[in-house]
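Below, each chain spelled out in residue letters.
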Amino acid sequence: MNYQDFQIIVDKNNNIRASSEQGEVSGELRLDINRTKQTCLLIEHQVKDAQLLKGLGRELYQALFPDKINARFHATIASAQANKDSVRLRLIFQSPELASLPWEFLYDEDINIFLGNNTETVLSRYIDVPLQKRDIKSASLPLKVLLVISTPTNLAKLDVAGEEKLIREALGKHIEAGEIELDVLHEATIRNINQKLREKSYNVFHFIGHGVFENNQGFIALEDNNGKSQLLDDERFANFFLGNSNVGLVVLNSCQGAAVGSNQVFAGTAPNLVRRGIPAVVAMQYSIFDNTAKIFADEFYRTLALGYPVDEAIQTTRNAISMEVGLDKRDFATPVLYMRASDGIILDVKKNF
């Protein structure tokens, strides 16, 4: 699949600059931020309301795509369709307040679709950092995946066995063919994770467990030597990957792993990982139910194993969740993709299979 890029940058003064193959256009973002935040609070409390979600998505869309930018966006879509391409929509927010909003709900009323579900408009968050862009290198076979499962005995029990089973089933034929190696770490202590990352050059790091976001900081719940919870803040968690250039993708299947701080755009586990150099991070901006987590694991890894770029894989996954769970629940917009790579291919099927 070929892509036509459409990139939107919103600066700290709410000025919008959109760029595509057709050139650049600019505009101003106008949004009643207080009203938007009130709606977001209802969604965070798991209100089931399709019109509420569309209403929020419409407000976000109208703010991000004022007249000229909207016209250019639709022109890009038309051009992509004529060439049988897709559109790669990249969002960059310099304001932490704007970055914290759930842009995966963007709703284009003209075509009656959430952009986060539309497989013709691949949506990701871009982190603009002063580092050289590092593409996600197509891994040489086998693709090495480390699944870390954290189940502290003093926290709510998760159906991690069911999710692990789905991941194994999704990757089954590729594992049998020697194309993918899947290692599972059940005792998720700091020392055990460090040791596993030293033993093998993993390409994908997938975490299943609990995450929290408090006082503008994200925490991942690992285990101490007694099996109890040991909270690791976003900076210390990112240190797992220092000097590890093989990891192209981190998946955080935990509550609030995608939350962004209100004071710092990188305050939050997922953005901080990208800031440290990880090319792509998938995380959850809301707590995720076990049934949705299973759908996510099954659809995402099946698609990724077929060689789809990670941004297209997450898009098809959101769409699958919306069809199975419904458009009246927030679940489909829960997975968030942060990237700083131009190409999201993890496994190049055409080259390697």
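This text goes with the structure placed above it.
If you're wondering where the values come from, they're calculated on a predicted model, not measured in any experiment.

K.L.:
Help me understand empty space enclosed by the protein, please; the structure alone is not making it clear to me.
P.N.:
One water molecule sets the probe size; rolling that probe over the atoms shows where empty space is left. Enumeration over the complete set of coordinates arrives at one cavity of 30 Å³ or more. Taken as a whole, the largest cavity spans an internal volume of roughly 30 Å³. Every residue along the wall of the largest cavity is listed here: Ser287, Ile288, Phe289, Thr292, Arg330, Asp331 and Thr334. Each residue belonging to the lining of the largest cavity can be placed in one class, and the counts come to two nonpolar, three polar and two charged.

K.L.:
Please explain the packing of aromatic side chains as it appears in this structure.
P.N.:
For the structure shown, the criterion picks out 16 aromatic pairs. With a centroid separation of 6.0 Å and 70 degrees between ring planes, the pair formed by phenylalanine 237 and phenylalanine 241 is classed as edge-to-face. With relative accessibility at 0%, the residue phenylalanine 237 sits in the buried group. We classify phenylalanine 241 as buried; its relative accessible area is 6%. Ring plane angle 75 degrees and centroid distance 5.3 Å describe the contact between phenylalanine 300 and tyrosine 301, whose orientation is recorded as edge-to-face. In this structure, phenylalanine 300 and tyrosine 301 share a single accessibility class: buried. Counting every residue linked through ring pairs, the aromatic cluster contains Phe105, Tyr107, Phe114, Tyr286 and Phe332. The lysine or arginine in question, arginine 88, covers the ring of tyrosine 3, its NZ or CZ lying 4.0 Å from the ring centre.

K.L.:
What is the right way to read the nonpolar core from this model?
P.N.:
What tends to happen in soluble globular proteins is that the nonpolar side chains get buried as a cluster. In this structure, Ile8, Phe65 and Phe300 are the most contacted members of the largest nonpolar core, which totals 106 residues. Counting residues per element, this core draws most heavily on helix 9 (residues 290-305), which supplies eight residues. For phenylalanine 300, the contacting residues outside a window of four places in its chain are Leu249, Val251, Val282, Ile295, Val310, Ala313, Ile314 and Thr317.

K.L.:
Just checking my understanding: could you explain the side chain of threonine 334 for this structure?
P.N.:
Residue position: threonine 334 is located in the loop between helix 10 (310-325) and strand 16 (335-339). Residues contacting threonine 334, with those up to four places away along its chain left out, are Ala283, Met284, Gln285, Tyr286 and Ile288.

K.L.:
Before we go on, may I ask you to explain the layout of surface pockets in this structure?
P.N.:
As a volume, the largest pocket reaches approximately 530 Å³. Glu44, Ser100, Ala259, Gln285 and Tyr286 are, among the 21 residues lining the largest pocket, the residues nearest its centre. Residue assignment for the lining of the largest pocket shows that the elements contributing at least two residues are helix 1 (33-44) and helix 4 (96-99). Looking at the lining of the largest pocket element by element, the count peaks at four residues for helix 1. A per-class count over the lining of the largest pocket returns eleven nonpolar, five polar and five charged.

K.L.:
Where do I start with the pairing of strand 16 in this structure?
P.N.:
Walk down a regular strand and you will see the side chains alternate between the two sheet faces. Taking burial as the measure, the five residues of strand 16 include five buried ones, the bulk of the element. Here strand 16 shows no split at all, with Pro335, Leu337 and Met339 on one side and Val336 and Tyr338 on the other all buried. The sheet contact formed by strand 7 (residues 121-126) and strand 16 spans two bridges and is parallel. Note on strand 16: the bridge partner recorded for arginine 125 is tyrosine 338.

K.L.:
What is the right way to read the sheet that holds strand 16 from this model?
P.N.:
By definition, the strands of a sheet pair up through backbone hydrogen bonds, in either a parallel or an antiparallel sense. Pairing within the open sheet is mixed, and its eleven strands lie in the order 3-2-1-4-7-16-15-14-10-8-9. Among the strands making up the open sheet, the edge pair consists of strand 3 (23-28) and strand 9 (180-185). Between one strand and the next, the sheet's axes are offset by a mean angle of 20 degrees, whatever the strand orientation. In the sheet, strand 14 (residues 249-253) pairs with strand 15 (residues 280-284) via four bridges, with the strands oriented parallel. When the sheet's bridge partners are listed, valine 250 is paired in strand 15 with valine 281. Where helix 5 (residues 160-176) meets the sheet, its contacts fall on strand 8 (143-149), strand 9, strand 10 (204-208) and strand 14, and the angle it forms with strand 9 comes to roughly 160 degrees. Sitting on the sheet, helix 6 (residues 190-199) touches strand 8, strand 9 and strand 10, and the angle it makes with strand 9 is about 160 degrees.

K.L.:
Quick question: what am I supposed to make of the packing of helix 5 against helix 9 here?
P.N.:
For the pair helix 5 and helix 9, interaxial distance at closest approach is 9 Å and the crossing angle is 15 degrees. One way to sum up the angle between helix 5 and helix 9 is to call them roughly parallel. The interaxial crossing formed by helix 5 with helix 9 has right-handed handedness. Here Gly162, Glu163, Leu166, Ile167, Glu169, Ala170, Leu171 and His174 of helix 5 lie close against helix 9, whose contacting residues are Ala293, Lys294, Ala297, Asp298, Tyr301, Arg302 and Ala305. Considering only residue class, the contact of helix 5 with helix 9 consists of eight nonpolar, two polar and five charged.

Rules behind the numbers
- Residues numbered from 1 in each chain as written.
- Predicted model: local features only at pLDDT ≥ 70, side-chain atom pairs only at ≥ 80, totals over all residues.
- Heavy atoms only, no water.
- 1 Å grid on protein atoms, 1.4 Å probe; cavity = no way out; pocket = protein on both sides within 12 Å on 5 of 7 lines; lining within 4 Å.
- Points joined across faces, edges and corners; volume = space filled by probe spheres on them.
- Nonpolar A, V, L, I, M, F, W, Y, C, P; charged D, E, K, R; others polar.
- Phe/Tyr/Trp six-rings, centres within 6.5 Å; stacked < 30°, edge-to-face > 60°.
- Buried < 20%, exposed > 50% of the residue type's maximum accessible area, 1.4 Å probe, protein only.
- Lys NZ or Arg CZ within 6 Å of the ring centre and 35° of its normal.
- Core = buried A, V, L, I, M, F, W, Y, C linked by side-chain atoms within 4.5 Å.
- Helix = DSSP H or I, 4+ residues; strand = E, 2+ residues; numbered from the N terminus.
- Contact = heavy atoms within 4.5 Å.
- Pairing = 2+ DSSP bridges.
- Axes fitted to C-alpha atoms, helices over the stretch in contact; angles between N-to-C directions.
- Parallel < 35°, antiparallel > 145°, perpendicular 65-115°, else oblique.
- Left-handed = near helix turned anticlockwise from the far one by under 90°.

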